[in-house]
Amino acid sequence: MMSRERKKAAAALHEKLQILRSITHSHALSNTSIITDASEYIKELKQKVVRINKEIACAEAALKQADSFPTVMVEALGHGFLIKVFSDKSCPGLLVSILEAFDELGLNVLEATASCDDTFRLEAVGGENQVDEHVIKQAVLQAVRSCSEISGDDQEE
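Residues numbered from 1 in each chain as written. Predicted model: local features only at pLDDT ≥ 70, side-chain atom pairs only at ≥ 80, totals over all residues. Heavy atoms only, no water.

Engineer: Tell me about the overall build of the chain, and name the residues and values.
Structural biologist: From N to C terminus, the chain includes four helices and four strands. Along its sequence from the N terminus, the chain presents helices and strands in the succession α-α-β-β-α-β-β-α. Out of the 157 residues in the chain, the part that is buried amounts to 22%. Excluding contacts between residues fewer than 6 apart, the proportion of contacts in the chain whose partners are at least 24 apart in sequence is 54%. Carbon together with sulfur atoms contributes 54% to the accessible area of the chain, which is approximately 11,400 Å² in total. (Helix = DSSP H or I, 4+ residues; strand = E, 2+ residues; numbered from the N terminus. Buried < 20%, exposed > 50% of the residue type's maximum accessible area, 1.4 Å probe, protein only. Contact = heavy atoms within 4.5 Å. Areas by Shrake-Rupley, 256 points an atom, 1.4 Å probe, with all protein chains shown as cover.)

Spelled out as structure tokens, the structure:
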């Protein structure tokens with residue numbers, strides 16, 4: 001006969017194996033098969049961790065690239081608009097380039113605040129306009145790209 005302690009230990013082991021079986025979604029009945037399934041499950045989890053870490057690294061790299069590109073927000077304000085531009089890099093002529101884009105679109109800028117030191121920040125409020133917000137945003141982004149390309153060409157010479 002089994003001693004009481006051995007029965008308790010066997011019952012505890014059986015309970016833990018059933019929990020393991022449940023966690024790993026195993027349909028095995030024998031203890032050996034439950035442990036084998038758990039081992040396979042752990043390997044799958046390790047592969048998922050590696051894949052997720054790669055995805056995180058890619059996302060972080062994409063964010064670093066996105067951080068270097070400007071943020072442009074255009075918002076309709078009743079009878080006007082608000083444009084906010086931020087870039088962690090400023091280049092010579094960027095403000096002029098953006099203001100020329102506004103002029104080409106026929107935007108009437110009523111008030112603007114800009115900072116062009118190491119970073120670039122512009123907040124402009126305009127009067128009534130017939131130009132779509134998306135068109136304004138694309139024009140500002142194009143002005144920034146053009147200025148960055150010209151600035152990059154100057155640095156190469």
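There's more to say after this.
Engineer: Residues and numbers for the pattern of salt bridges, please.
Structural biologist: One pass over the full model with this rule turns up two salt bridges. Residue K43 is joined to E40 by a salt bridge in which the shortest nitrogen-to-oxygen separation is 3.7 Å. One end of the pair, K43, and the other, E40, are both in helix α2 (residues 31-68), three residues apart, so they sit about a helical turn from each other. Overall, K43 belongs to the partly exposed group, its relative accessible area being 46%. R51 is the salt-bridge partner of E55, the closest N and O atoms lying 3.1 Å from each other. Placement of both E55 and R51 in helix α2 is noted, with a separation of four residues, approximately one turn of the helix. When its relative accessible area of 42% is taken as the criterion, R51 is described as partly exposed. (Salt bridge = Lys/Arg side-chain N within 4 Å of Asp/Glu carboxyl O.)

Engineer: How would you explain helix α1 (residues 4-23) if you had to name every residue and give the values?
Structural biologist: If you check α1, its first and last C-alpha atoms are 29 Å apart, about what 20 residues at 1.5 Å a residue would give, namely 28 Å. Looking one or two residues past α1, H25 carries a phi angle of roughly 60°, positive in sign. (Expected span 1.5 Å × (residues − 1).)

Engineer: Give me the lowdown on the side chain of S97, citing residues and values where you can.
Structural biologist: Tracing the sequence through the fold places S97 in helix α3 (residues 94-105). Not counting residues within four places of it along the chain, the set of residues in contact with S97 comprises A143 and C147.

Engineer: How would you explain unusual backbone geometry if you had to name every residue and give the values?
Structural biologist: Notably, H25 is not glycine yet its phi reads approximately 60°, a positive angle. With respect to the secondary-structure elements, H25 resides in the loop between α1 and α2. A residue is classified by how much of its surface remains accessible, and H25, at 59% relative accessible area, is exposed.

Engineer: Outline the sheet that holds strand β4 (residues 120-126), listing residues and values.
Structural biologist: The strands that make up a sheet pair up through hydrogen bonds in the backbone, lying either parallel or antiparallel. Strand order in the open sheet made by the four strands is β1-β2-β4-β3, with antiparallel pairing throughout. The open sheet has two free edges, formed respectively by β1 (71-77) and β3 (109-115), since each of these has just one partner strand. Ignoring which end each strand starts from, the neighbouring axes of this sheet average 10° apart. Examined bridge by bridge, strand β2 (residues 80-87) and β4 share seven bridges and lie antiparallel to one another. Paired with I83 across the strands is A124, a residue of β4. Against the sheet, α3 engages β2, β3 and β4, with an angle of about 25° to β4. (Pairing = 2+ DSSP bridges. Axes fitted to C-alpha atoms, helices over the stretch in contact; angles between N-to-C directions.)

Treat this as a map of the structure, not an account of what it does.
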